[in-house]
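Analysis of the macromolecular model
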Amino acid sequence: MSSGFAALCLLLLHSGAQGFGILPGESLNHLEITEKAILNSTLQVCRALAQAEGIDFTFPPFTADAVAVACGAPESSKSFRQAITFITLRNIRVDIRHALNASFHFDEEMFVQGRKIITEGIQAVKASNKQENFEAARQKVGEVLHPLQDFYSHSNWVELGNKLPNSNLIRSDTSIGNIADKSRATCRNCDGDDCRNNILEDIIEEKVLTSGYFGIVPFASTKPKGKCSHGGAVDQTSFIEPKGGINKDYFTASHGHLHTDAANLAIAATSELLEDIREAAGDRPFLQMLGVSKGSSKALCFVIDTTKSMSDDIEAVRTVTSSIINSEVGTENEPSVYILVPFNDPDFGPLKKTTDPQVFKTYINSLLAAGGGDEEELSLSGLQLALTSAPSNSEVFLFTDAPAKDKQLKSTVAALIERTQTVVNFMISGSTVLNRRERNDDNQISPRIAASDAQLYRDLAQASGGLVIEVTKSELPVATSIITESTSSSLVTLLQASRSPGKTDTFSFIVDETVTNLRVYITARSVNVTLISPTGESQQSTDTTGSLITASQSVGNFKTLLLKSQAGLWEIKMVSTNPYTLKVIGKSPIDFLFDFVEVSQIPFTGYDSLDTRPRAGVNGSLLVSLTGSDSATVTEVTLVESSGSGEIKGVVEPQGSGNFLVHVDMIPSVEFVVRVKGQDDSVATITSSIVFQRQSPTNFRASNLTITADSSSIMVPGTPFSVPFSVITSGVGGNFTIRSTNNRGFDSTSPTNLFLETGNSANGTVTLSAPLNTPSGADVTLTIEVVAPEGEDTNYVVLRFSIVNTVTDFTQPVCELLSLQSNCSDNCSSSMWKLSVKVSDGAEGTGVERVNLRRGNGTMNTSLAAGNENITLISYSSSCCSPDMELLVVDRVGNVGTCLYNYREGSQAALSSSTKVIHLFPSILVLGLYILTELVIH
């Protein structure tokens, strides 16, 4: 790298270059813009739902936790925060990975190309929501919000005097506006550092759209004659006449005096896009996309062996499922989603997923135990399918009495566990007689599972922070009590540890005043356990006379202890020569989320979430988010060795909105967990603030391998889809094994190996093909693994791609008023009005999918027109005291139209009827949001 280019990169690092900022500062950044809009939109939906149910709604403080509470979903606080963080990180990623692609930033007057990114992304979001693939929807939302927001900072939309967003950016069948011709001059030189009047008068007067050119390479960056530049010290085009720039990214930017106006419009435009997605999806699915749902945010996920020997296990699952559903439906512990994946040999799946508990009961009751006879089953294939479909931070229960036939998927499953931070528990059962007779020194845990097979399950359970519970068939119903406990909302992990081989060790953990239902889970074949409370009192786990253990239960290798919830520092002494695992959990609203992130150095300052393992032995970063308290703060983040006592503490930097950027000097080269300590002043004791400790259940590994690939593209069924990737090693070079797998079994090709030299990179490509009959809105998870020579090191990249059929229907459904009648009088309560409307999607449309009454207190009925399923007939009647009605019409690809009708005394026709997308939103709702954000900002 030349010294001049190095200096340029250093300048880029400190300047932030183009786009609203992606790190905190005085100016509003992409993270803050996105979060404000999401909170706005969520509140609008929750208020509408409350009003429909006749419930008073009070606007809360503008935080994720407070909004979740206001929405009647306090247990969704963590998943809501997780969704916001995921969306904002995907937004920020655009600046890192597509920094110099003008289309992603509306630079260089690429308005058509920028809008195409937005509209195609919206189509993917709507299709994904329709299939309840909410993670894929969130991913694409984040990607399209970045260019949408940049439009208001990089174009002259604000300078043209516009006070509302450009609604045509989220539609592909309309004109964006009067775009400047490539040969038309748009700017003059700035007056020194003053660029307030550098846009030409005729451009302003004629309302012509333009945006700045941008380039970072000295002597190679160009722009057409007379065109505006982006501006700033990094932009080399800003030194070419006309000099200066027009961006509004920061208060200190060329047009920084308009930064607040641009940021407010970006917030309103983001809200408008979210409103369009909401109307296409419906209120409840929209909230699910954002991680908000009544009851627990947890999923109930079963992966079940269905061979003949598993009939007792299936019956136990039926019993526990019925118990959970019967006792928790309508409570804060009701699971947000239910997932079932059966497996045997030679089949696994299909995955069944529902939010309806009664439907899930039907799924469970339809399971049949049949077949089998061989020793191995496709347990890891079933688990892989579950991990790619369950929400992140879920808990999975796998039931089997057989070893895995698909052992080659172990590293893929481990990668998915790390990426999703999902806990996997293995419920291993065997017959009473054989299980006892054949359990010997080889650690056999089932008549069909030998030591090496058992170790595979133990390794995966340990990686996830889960348990391997070994019981007889008759003991299984008792062991399944852990499932009921795990569905409890607001569960947090205080301590997670394992020792293999076993050894005497003492573990400590902090219990704070918010923790209740304090439990210890132990898996071991022979272990002595001593508990020491914060006051120094001790009790053996076998002692029934002490006061620390209020209840205990043992079954198979599994022991559970219910402890007295006493605040302070606890200790547990474990004495055993056999392998054991220890887990301490409790119930508390305060918890944390985190992502490993890579701080960007070229070309722009920021951080990108990792889809891979972090680099071993070098410095690294994490983005930590607290949930459950608006006043809590992080005081310490430590990477703790999973099987030892080594610790590496990080430096914590507050980022605002409950986020903290943590830098560590070195990522451990051995397996580790993440421990967070903090304090909360809002629930202070008489003497001080509470001090809390939480730990990640998931165990993580670092790697000397780095693998990169991008998941921003959209797959089209029947069209080959290429995924280029790059690998670099900082360890020993040689021939590296490449393995690629996908959760849908799509046909794919990829290299089987790459030769790498230390410090150098090599490239490869995976090609996937989705069958033509793949439903639009499906997604596929691709895992690319790299294994070093001799298997001494591994890394992976996990990518999720949306699959969307080519859309040709871009027009909204239309309404035709057939009749409007009334007998309204001065006494409105005793008079009625009614109308009939024909709704259709046009000859080339995909057809009307849903018609909802968006406004009005009357009665609406719908029916299909005889002989034409593309026409829906609407009849509506209402008291004259409710003179307005509005229809929301959605077609099969998510185009949204609204039709507004009004009757007042003396009127014989609808006062207005419109099929414009979000009919009243630009003029009323966005304005309201605009005012709200103004109040929030100022």
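Structure first, text after, so check above.
Summary of the structure given here. Just so you know, these numbers come straight off a predicted model, no measurement behind them. (Residues numbered from 1 in each chain as written. Predicted model: local features only at pLDDT ≥ 70, side-chain atom pairs only at ≥ 80, totals over all residues. Heavy atoms only, no water.)

1. Concerning the overall build of the protein chain
- Summing up its helical and strand segments, the protein chain has 18 helices and 42 strands in all.
- In the protein chain, buried positions account for 58% of the 938 residues.
- Partitioning the contacts of the protein chain with sequence separation of at least 6, the portion at a separation of at least 24 is 72%.
- Accessible surface computed for the protein chain: about 35700 Å², of which carbon and sulfur atoms make up 51%. (Helix = DSSP H or I, 4+ residues; strand = E, 2+ residues; numbered from the N terminus. Buried < 20%, exposed > 50% of the residue type's maximum accessible area, 1.4 Å probe, protein only. Contact = heavy atoms within 4.5 Å. Areas by Shrake-Rupley, 256 points an atom, 1.4 Å probe, with all protein chains shown as cover.)

2. Let's talk about the side chain of Thr85
- Summarising the element assignment, Thr85 is placed in helix 4 (residues 77–97).
- On the basis of relative accessibility, which here comes to 7%, the residue Thr85 falls in the buried class.
- For Thr85, the contacting residues outside a window of four places in its chain are Asp595, Leu623, Ser625 and Asn659.

3. Some points on the sheet that holds strand 14 (residues 549–555)
- Strand order in the open sheet made by the 5 strands is 9-17-11-15-14, with antiparallel pairing throughout. Pairing within the sheet leaves two strands with one partner each, and these edge strands are strand 9 (491–499) and strand 14. Strand-to-strand twist across the sheet, computed as the mean angle between neighbouring axes with direction ignored, equals 15°.
- Pairing between strand 11 (residues 516–523) and strand 15 (residues 558–563): 5 bridges, direction antiparallel. Of the residues in strand 15, the one forming a bridge with Val520 is Leu561. (Pairing = 2+ DSSP bridges. Axes fitted to C-alpha atoms, helices over the stretch in contact; angles between N-to-C directions.)

4. A closer look at empty space enclosed by the protein
- Enumeration according to the criterion identifies 6 cavities of 30 Å³ or more in this entry.
- Considering only enclosed or pocket space, the largest cavity measures out at about 180 Å³ in volume.
- As for the largest cavity, its lining consists of 18 residues, of which Lys126, Ile170, Arg171, Ser172 and Asn895 are closest to the centre.
- Examining the composition of the lining of the largest cavity, we find that 4 residues originate from one element, helix 5 (residues 111–130), more than from any other. (1 Å grid on protein atoms, 1.4 Å probe; cavity = no way out; pocket = protein on both sides within 12 Å on 5 of 7 lines; lining within 4 Å. Points joined across faces, edges and corners; volume = space filled by probe spheres on them.)

5. So, the state of the cysteines
- As enumerated under the stated definition, the model contains 6 disulfides in all.
- Shown here is the disulfide that connects Cys187 with Cys228, its sulfur atoms set 2.0 Å apart. Negative torsions about the S-S bond denote left-handed disulfides, and the value of about 90° found for Cys187 with Cys228 makes this one right-handed. Taken as a pair, Cys187 in the loop between strand 1 (178–179) and helix 7 (201–205) and Cys228 in the loop between strand 2 (208–209) and helix 8 (259–281) lie far apart in primary sequence, 41 residues in all. Taken as a pair, Cys187 and Cys228 share a single burial class, namely buried.
- The side chain of Cys815 participates in a disulfide bridge whose partner is Cys899; the two sulfur atoms lie 1.8 Å from each other. (Disulfide = S-S within 2.5 Å.)

6. Re the pairing of strand 41 (residues 884–891)
- The element strand 41 is extensively covered by neighbouring structure, given that 8 of its 8 residues are classed as buried.
- Bridge count for strand 38 (residues 848–855) against strand 41 is 6 bridges, and the pairing is antiparallel. Looking at the pairing, Val848 lines up with Asp891 of strand 41.
- Note that strand 41 and strand 42 (residues 896–902) share 7 bridges and pair antiparallel. In the sheet register, Glu886 faces strand 42, and the bridge partner there is Leu900.
- Linking two consecutive strands that pair antiparallel, namely strand 41 and strand 42, is a turn of 4 residues; a positive phi of about 95° is found at Gly894 within it.

7. Section: the sheet that holds strand 31 (residues 747–749)
- Taken together, 4 strands build an open sheet; the order of strands is 27-29-33-31 and the sheet is antiparallel. If you trace the sheet from one side to the other, it starts and ends with strand 27 (705–709) and strand 31, each paired once. Taken over all neighbouring pairs, the strand axes of this sheet differ in orientation by 20° on average, direction set aside.
- Here strand 29 (residues 721–729) runs beside strand 33 (residues 761–769); their pairing, made up of 8 bridges, is antiparallel.

8. Quick look at the nonpolar core
- By size, the foremost hydrophobic cluster in this structure holds 54 residues, and its most contacted members are Phe80, Tyr152, Leu273 and Met289.
- Those elements giving two or more residues to this core turn out to be helix 2 (30–52), helix 3 (64–70), helix 4, helix 5, helix 6 (134–154), helix 8 and helix 9 (283–289).
- What Leu273 contacts, discounting residues up to four positions off in sequence, is Ile118, Ile122, Val144, Leu145, Leu148 and Ile170.
- Ranked by size, the runner-up nonpolar core spans 32 residues in total, among them Ile428, Leu456, Ala461 and Val798. (Core = buried A, V, L, I, M, F, W, Y, C linked by side-chain atoms within 4.5 Å.)

9. Thoughts on unusual backbone geometry
- The residue after Glu241, namely Pro242, is reached through a cis peptide bond having omega -5°.
- On the secondary structure map, Pro242 appears in the loop between strand 2 and helix 8.
- In this structure, Pro350 follows Gly349 across a cis peptide bond, with omega equal to 0°.
- Of note, Pro350 is situated in the loop between strand 4 (337–343) and strand 5 (352–354).
- In this structure, Lys207 is a non-glycine residue whose phi angle is positive, near 55°.
- Relative to the assigned elements, Lys207 resides in the loop between helix 7 and strand 2.
- The exposure class of Lys207 is partly exposed, given its relative accessible area of 46%.
- In this model, Ser657 sits at a positive phi of 55°, which is unusual for a non-glycine residue.
- Within the element layout of this structure, Ser657 appears in the loop between strand 23 (651–656) and strand 24 (659–664).

10. Let's talk about the packing of helix 12 (residues 379–387) against helix 13 (residues 410–420)
- Between helix 12 and helix 13, the least distance of the axes is 10 Å, while the angle of their chain directions is 25°. Classified by the interaxial angle, the pair formed by helix 12 and helix 13 is roughly parallel. Crossing of helix 12 over helix 13 shows left-handed handedness. When helix 12 is examined against helix 13, the residues Leu380, Leu383, Gln384 and Leu387 are found in contact with a partner set consisting of Lys410, Thr412, Val413, Leu416, Ile417 and Thr420.
- Looking at the contact of helix 12 with helix 13 residue by residue, the class counts come to 6 nonpolar, 3 polar and 1 charged. (Parallel < 35°, antiparallel > 145°, perpendicular 65-115°, else oblique. Left-handed = near helix turned anticlockwise from the far one by under 90°. Nonpolar A, V, L, I, M, F, W, Y, C, P; charged D, E, K, R; others polar.)

11. Some details on the pattern of salt bridges
- Under the counting rule described, the total for this entry stands at 45 salt bridges.
- The salt bridge partner of Glu485 is Arg519, with a shortest N-O separation of 3.3 Å. You can see Glu485 sitting in helix 17 (residues 481–486) and its partner Arg519 sitting in strand 11, a full 34 residues away along the chain.
- Its relative accessible area of 18% is what places Glu485 among the buried residues.
- Each of Glu275, Arg278, Glu279, Asp283, Arg854, Arg855 and Glu886 takes part in one network of salt bridges that share partners. (Salt bridge = Lys/Arg side-chain N within 4 Å of Asp/Glu carboxyl O.)

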